[in-house]
Amino acid sequence: MISKDLFLEQFYVILEKNNDKSLTWQTVYKDLDEWDSLVVLSIIVHFEQNFQLVISPQSLFDNDTFEDLYNSLIKS
Amino acid sequence: MLSGKNILITGASSGIGRQIAIDVAAKNGSAFLTGRDYQRLSEVSELISKNMQTKAPFFPADLTMEEDIMRLTESLPLLSGVVINAGIIDYTPVKYLTKEKVINVLLINFISNVLLIRRLLELRKIQASASIVFISSISARLGVPGTSIYAASKSALSAFAKVLAIELSTKRIRVNVVSPGLVATDLKEKISTIKNTQTDDSKSYPLGLGTVNNVSNQVIHLLSDKSEWMTGTDILIDGGFTLR
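Residues numbered from 1 in each chain as written. Chains lettered and ligands numbered in written order. Predicted model: local features only at pLDDT ≥ 70, side-chain atom pairs only at ≥ 80, totals over all residues.

**Details of the overall build of chain A**
Right, on to step 1. Helix and strand counts for chain A stand at four helices and zero strands.
Right, on to step 2. Counting helices and strands in the order they occur from the N terminus, chain A gives α-α-α-α.
Right, on to step 3. For chain A, whose C-alpha radius of gyration is 11 Å, the value lies close to the compact-globule estimate of 11 Å for 76 residues.
Right, on to step 4. Taken along its principal axes, the extent of the C-alpha atoms in chain A is 30 × 20 × 20 Å.
Right, on to step 5. Evaluated residue by residue, chain A yields a buried proportion of 21% over its 76 residues.
Right, on to step 6. Intrachain contacts of chain A at a sequence separation of at least 6 include 54% that bridge at least 24 residues. (Helix = DSSP H or I, 4+ residues; strand = E, 2+ residues; numbered from the N terminus. Rg over C-alpha atoms; globule rule 2.2 N^0.38 Å. Buried ≥ 20, exposed ≤ 12 C-beta atoms within 10 Å, placed from the backbone. Contact = placed C-beta atoms within 7 Å.)

**Focus on the overall build of chain B**
Right, on to step 1. Scanning chain B from N- to C-terminus turns up eight helices and seven strands.
Right, on to step 2. Taken over C-alpha atoms, the radius of gyration comes to 17 Å for chain B, in line with the 18 Å a tight globule of 244 residues would show.
Right, on to step 3. Overall, the C-alpha framework of chain B stretches about 50 × 40 × 35 Å when taken along its three principal axes.
Right, on to step 4. Relative to its 244 residues, chain B shows a buried fraction of 45%.

**Notes on helix 4 (residues 99-122) of chain B**
Along an α-helix, residues three or four positions apart point the same way, because every turn accommodates 3.6 residues.
Residues and elements named next belong to chain B.
Right, on to step 1. Most pronounced at Leu107, the bend in helix 4 amounts to some 50°.
Right, on to step 2. Those residues of helix 4 that are buried lie in contact with helix 3 (66-75), strand 4 (79-84), strand 5 (126-135) and helix 5 (148-168).
Right, on to step 3. Two residues or fewer past helix 4, Arg124 is found with a positive phi of approximately 55°. (Bend = angle between axes of the 7 residues up to and from the residue.)

**Quick notes on the environment of Met70 of chain B**
Right, on to step 1. Along the chain, the position of Met70 of chain B falls in helix 3.
Right, on to step 2. According to the C-beta neighbour criterion, Met70 of chain B is partly exposed, with 13 such atoms within 10 Å.

**Things to note about the nonpolar core**
Right, on to step 1. Ranked by size, the top nonpolar core spans 53 residues in total, and within it Ile7, Ile9, Ala21, Ala31 and Leu33 of chain B carry the most contacts.
Right, on to step 2. Ignoring sequence-local partners within four residues, the contact set of Ile9 of chain B consists of Gly17, Ile20, Ala21, Val24, Ala31, Leu33, Val83 and Asn85 of chain B.
Right, on to step 3. Listed in part, the 12 residues of the second largest apolar core include Val39, Leu41, Ile44 and Leu69 of chain A. (Core = buried A, V, L, I, M, F, W, Y, C linked by C-beta atoms within 7 Å.)

**Observations concerning the sheet that holds strand 3 (residues 58-60) of chain B**
Residues and elements named next belong to chain B.
Right, on to step 1. An order of 3-2-1-4-5-6-7 is seen for the seven strands of this open sheet, with the pairing classed as parallel. A single partner strand is all that each edge strand has here, and the edge strands are strand 3 and strand 7 (234-237). Between one strand and the next, the sheet's axes are offset by a mean angle of 15°, whatever the strand orientation. (Pairing = 2+ DSSP bridges. Axes fitted to C-alpha atoms, helices over the stretch in contact; angles between N-to-C directions.)

**Re the packing of helix 1 (residues 15-26) of chain B against helix 2 (residues 38-52) of chain B**
Residue and element names in this part refer to chain B.
Right, on to step 1. Taken N-terminus to C-terminus, the directions of helix 1 and helix 2 make an angle of 25°; their axes are 10 Å apart at the nearest point. For the element pair helix 1 / helix 2, the angle class is roughly parallel. Here helix 1 runs over helix 2; the crossing is right-handed. Of helix 2, the residues touching helix 1 (which contributes Arg18, Ala21, Ile22, Ala25 and Ala26) are Val44, Leu47, Ile48 and Met52. (Parallel < 35°, antiparallel > 145°, perpendicular 65-115°, else oblique. Left-handed = near helix turned anticlockwise from the far one by under 90°.)

**Here's the deal with unusual backbone geometry**
Residues and elements named next belong to chain B.
Right, on to step 1. For Gln53, which is not glycine, the phi torsion reads 50° and is therefore positive.
Right, on to step 2. By the element assignment, Gln53 lies in the loop between helix 2 and strand 3.
Right, on to step 3. Since 8 C-beta atoms lie within 10 Å of it, Gln53 is described here as exposed.
Right, on to step 4. Of note, Arg172 is a non-glycine position whose phi angle comes to about 60°, a positive value.
Right, on to step 5. Mapped onto the elements of the fold, Arg172 is located in the loop between helix 5 and strand 6 (174-180).

**Points about the pairing of strand 5 of chain B**
Regular strands have side chains that alternate between both faces of the sheet.
Residues and elements named next belong to chain B.
Right, on to step 1. The buried count for strand 5 comes to seven of 10 residues, which makes it a mostly enclosed element.
Right, on to step 2. Note: strand 4 against strand 5, five bridges, orientation parallel. Within strand 5, the residue paired with Val82 across the bridge is Ile132.
Right, on to step 3. The parallel pair strand 4 and strand 5 is bridged by helix 4, and the resulting crossover is right-handed.
Right, on to step 4. Bridge count for strand 5 against strand 6 is five bridges, and the pairing is parallel. (Right-handed = clockwise from strand over helix to strand, strands pointing away.)

**Some words on the environment of Glu48 of chain A**
Right, on to step 1. Relative to the assigned elements, Glu48 of chain A resides in helix 2 (residues 37-51).
Right, on to step 2. Not counting chain neighbours up to four residues away, the residues in contact with Glu48 of chain A comprise Leu53 and Val54 of chain A.

**Focus on helix 2 of chain A**
Residues and elements named next belong to chain A.
Right, on to step 1. The terminal C-alpha atoms of helix 2, which comprises 15 residues, lie 21 Å apart, in line with the 21 Å expected from a rise of 1.5 Å per residue.
Right, on to step 2. For helix 2, every residue scored as buried is listed here: Ser37, Val39, Val40, Leu41, Ser42, Ile43, Ile44, Val45 and His46.
Right, on to step 3. Downstream of helix 2 by a residue or two, Gln52 has a phi angle that is positive, lying close to 50°. (Expected span 1.5 Å × (residues − 1).)

Remember that the coordinates give geometry; whether it matters functionally is a separate question.
Here it is, written out as structure tokens:
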């Protein structure tokens with residue numbers, strides 16, 4: 001399983017937030033300006049291609065913060 | 001409606017292809033099924049045999065393998081209809097595409113279908129006045145995020161069909177394309193789940209989401225002699241999606 005810090009770092013890559021360090025574990029990702037269906041696809045494909053980590057669309061909907069999401073992935 | 005017609009259906013083990021196979025048999029045609037999944041193909045064949053008292057021979061084949069195309073085409077009788085339905089759906093944002101993924105989608109959705117038709121023509125397995133129907137997608141006409149290679153593969157199929165239609169017109173072999181919108185199948189369920197982050201898909205369709213029967217009905221019409229003056233068309237069946 002990917003480490004917690006590395007997990008959060010990936011969202012800067014996916015969201016192309018190069019000089020922005022505003023994401024925290026408590027950020028509600030669905031409230032981000034960038035959030036749309038393309039971002040959902042990008043998250044799924046990014047983690048699958050780079051970390052062999054399968055994130056289902058459902059788990060993205062069922063959780064709100066990055067922390068919730070990470071914890072749900074650990075449990076599954 | 002299809003009495004006396006031998007019709008090959010690719011991707012017949014599930015979804016739209018499965019429904020077309022069942023409807024061909026229901027309209028008294030002889031359905032010849034192919035697909036990759038032996039178990040599911042045999043179930044469709046059995047279902048047809050049991051409910052319609054007619055045989056539906058099935059030929060498990062991976063059409064990306066030329067030897068499977070050879071084996072399949074040599075096993076088939078003279079055909080009066082071909083439905084090219086086999087394909088996969090791929091949802092990958094462009095920046096995550098890999099060479100392997102691009103090649104795989106094009107191989108399954110386009111190249112293998114082209115090579116199958118080519119081989120059927122070479123063996124003269126498609127009779128004069130036959131009907132060839134390609135299943136494309138509304139995606140080929142839209143700009144849905146994540147569908148670049150899938151849409152490109154379907155666009156390629158539509159373009160190929162148009163040229164094939166003119167090349168085969170001297171034999172009165174008709175070639176048409178059906179481009180469905182979102183249809184309730186297992187594959188589409190997964191897509192809907194992803195897209196539902198933004199909108200409820202069914203609300204985008206004035207007539208609601210389609211069913212496999214909606215698509216199959218159109219295909220049956222194109223396979224029948226009732227559409228004998230139709231060739232080179234690309235029919236959109238989208239429940240009014242593109243009206244908006």
